[in-house]
Amino acid sequence: MPSQCFDVLVLAGRRDSNDELARAAGASHRALLDLAGVPMVARMLLTLASYPRTGAILLCSDAPDLMTSVPEVAELVAQSRVRLLPAKESPSLSVLAGLEAFAGEAAAGNPVLVTTADHALLDHAMLDHFLDAACRGGADMLVGLVSETLIAERFPDAKRTYVPFRGGRYSGANLFAFMNPAAREMARFWRNAERHRKRPWRMVSTFGLVSLLLFIARRLDLASAFRRVSDLVGVEVAAVLMPTAEAAVDVDKLSDWELVNEIFAERAEVERAENSPLG
């Protein structure tokens, strides 16, 4: 099996300082939401720091002092296991800053995994699946996706955002692999598209009218859509289909936070039952 080491960029910025989810959950920052007694950002970083294929870890945040107020995060920073990077004005700019920071290091050369602090259920099995597929695939950049069918079976009441393709709909898994320097072009393209996200007709000039019409008409299957994007951007971009619905769960709204806490409570109950002398 592939065993390539990946540097990791964790995005922990907030789009708005007036975060309704954080406020509703009693946290000063969304990344600090409590998940079964552990702040979300600490849970994420501990998962990554204990993963054997993780190289350098950058935590990109707009509130570094708040992040290091968490004891687990402060310890990882003190051990130089995690370093802090100031967040930029948008996710795409933060990704570009992180990729440039890794590229400027003397030991540069690892591919880069980008994920988010609210990927609350991320575990080593998900990382194995995604990174193994990334290493086998040969693409410059890879994106994790989860099918609607898988999510609906596991979480029938969960509300997710899906992208429709011919043959099925998919939700993002907040997992992105930048395998080589050429992949940075996709981040730059993302930046260009991000500028126009509130002006749909400007998006037409970014993606091309034919691609947009095919997408709206659901005439592109997943593979064809990624080939079209690859041709447009000039780098090979591919999808990695994740095998578990949990890979698509991020804490983006109050119902997500409640769902994740329910999952951790269920896991704790199962563990107690397995460890019970009567079990």
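The paragraphs below set out a description of the structure included in this document. Bear in mind that the values here come from a model prediction, so they are computed numbers and not experimental data.

1. Thoughts on the environment of S147
Mapped onto the secondary structure, S147 falls in strand β7 (residues 141-147). Residue S147 is classed as partly exposed on the basis of its relative accessible area, which comes to 24%. Along the sequence, S147 and T244 sit 97 residues apart, while their C-alpha atoms lie 9.2 Å from each other. Here S147 is in contact with R169 and Y170, once residues within four sequence places are set aside.

2. Focus: the packing of helix α2 (residues 40-49) against helix α4 (residues 71-78)
Contact geometry of α2 with α4 gives a least axis separation of 8 Å together with a crossing angle of 40°. In terms of orientation, α2 and α4 fall into the oblique class. In this structure, α2 meets α4 at a crossing whose hand is left-handed. Across the interface between the two elements, V41, A42, L45, L46 and A49 of α2 pack against E72, V73 and L76 of α4. Across the contact of α2 with α4, the residue classes tally to 7 nonpolar, no polar and 1 charged.

3. A word on the side chain of D140
With respect to the helices and strands, the residue D140 is situated in the loop between α6 (124-137) and β7. It turns out D140 is buried and unbridged, and the closest side chain with the opposite charge, R184, is 11 Å from it. In terms of polar contacts, D140 uses its side chain to reach the backbone amide nitrogen of E236, at 2.7 Å. When sequence neighbours within four positions are dropped, the list of residues in contact with D140 reads A177, F178, M179, N180, A182, A183, V235 and E236.

4. Comments concerning the nonpolar core
Counting residues in each nonpolar core, the largest one holds 57 residues, and the members touching the most others are V10, V41, L45, L59, F130 and M242. Of all the elements in the fold, those that place two or more residues in this core are β1 (6-11), α2, β4 (54-61), α4, α6, β7, β9 (168-178) and α12 (254-275). Looking at this core element by element, the count peaks at 7 residues for α2. Grouped together as the second largest cluster of nonpolar side chains are 30 residues, A97, L99, F189 and V235 included.

5. Some details on α12
The first and last C-alpha atoms of α12 sit 32 Å apart over 22 residues, in line with the 32 Å expected at 1.5 Å per residue. Of the positions making up α12, those classed as buried are D256, W257, L259, V260, I263 and F264. For α12, the buried positions fall inside an angular range of 165° around the axis, keeping them on one side. In this structure, the buried residues of α12 make contact with α1 (20-24), β2 (34-35) and α2.

6. Details of unusual backbone geometry
Unusually for a residue other than glycine, A36 sits at a positive phi of about 50°. With respect to the secondary-structure elements, A36 resides in the loop between β2 and β3 (38-39). In this structure, S80 is a non-glycine residue whose phi angle is positive, near 65°. Tracing the backbone through its elements, the reader meets S80 in the loop between α4 and β5 (82-86).

Criteria and thresholds
Here, residues in each chain are numbered from 1, in the same order as that chain's written sequence. The predicted nature of this model means local features are confined to residues of pLDDT at least 70 and side-chain atom pairs, given and counted, to a pLDDT of 80 or more, with totals for whole chains, interfaces and linings taken over all residues. Hydrogens are left out, water is left out, and the side-chain values use all remaining heavy atoms of the structure. The way it works is that DSSP assigns letters per residue, a run of H or I at least four long becomes a helix, a run of E at least two long becomes a strand, and they are numbered from the N terminus. Burial classes: relative accessible area under 20% of the type maximum marks a residue as buried, over 50% as exposed, and values in between as partly exposed (1.4 Å probe, protein chains only). Working rule for contacts: check all heavy atoms of both residues, and any pair within 4.5 Å makes them a contact. Interaxial angles span 0 to 180 degrees and are taken between N-to-C directions of axes, which are lines fitted to C-alpha atoms, for helices over the stretch in contact. These descriptions rest on fixed angle ranges, namely under 35 degrees for roughly parallel, over 145 for roughly antiparallel, 65 to 115 for roughly perpendicular, and the rest for oblique. Crossing handedness: left-handed means the near helix sits turned counterclockwise from the far one by under a right angle, and right-handed means the same turn made clockwise. Three classes are used: nonpolar for Ala, Val, Leu, Ile, Met, Phe, Trp, Tyr, Cys and Pro, charged for Asp, Glu, Lys and Arg, and polar for all others, with Gly counted as polar. When charges are tallied, Lys and Arg are placed among the positive residues and Asp and Glu among the negative ones, while His and the ends of the chain are skipped. Here, a salt bridge means any Lys or Arg side-chain nitrogen found within 4 Å of an Asp or Glu carboxyl oxygen. In protein, a polar contact means a hydrogen-donor-capable atom and an acceptor-capable atom, both N or O and within 3.5 Å, with residues adjacent in sequence counting only if both atoms are side-chain atoms; elsewhere, any N or O pair within 3.5 Å suffices. Each nonpolar core is a collection of buried residues, namely Ala, Val, Leu, Ile, Met, Phe, Trp, Tyr and Cys, held together in the definition by side-chain atoms within 4.5 Å. Expected span, for any helix, means 1.5 Å times one less than how many residues it has. Directions from the helix axis toward the C-beta atoms define the arc.

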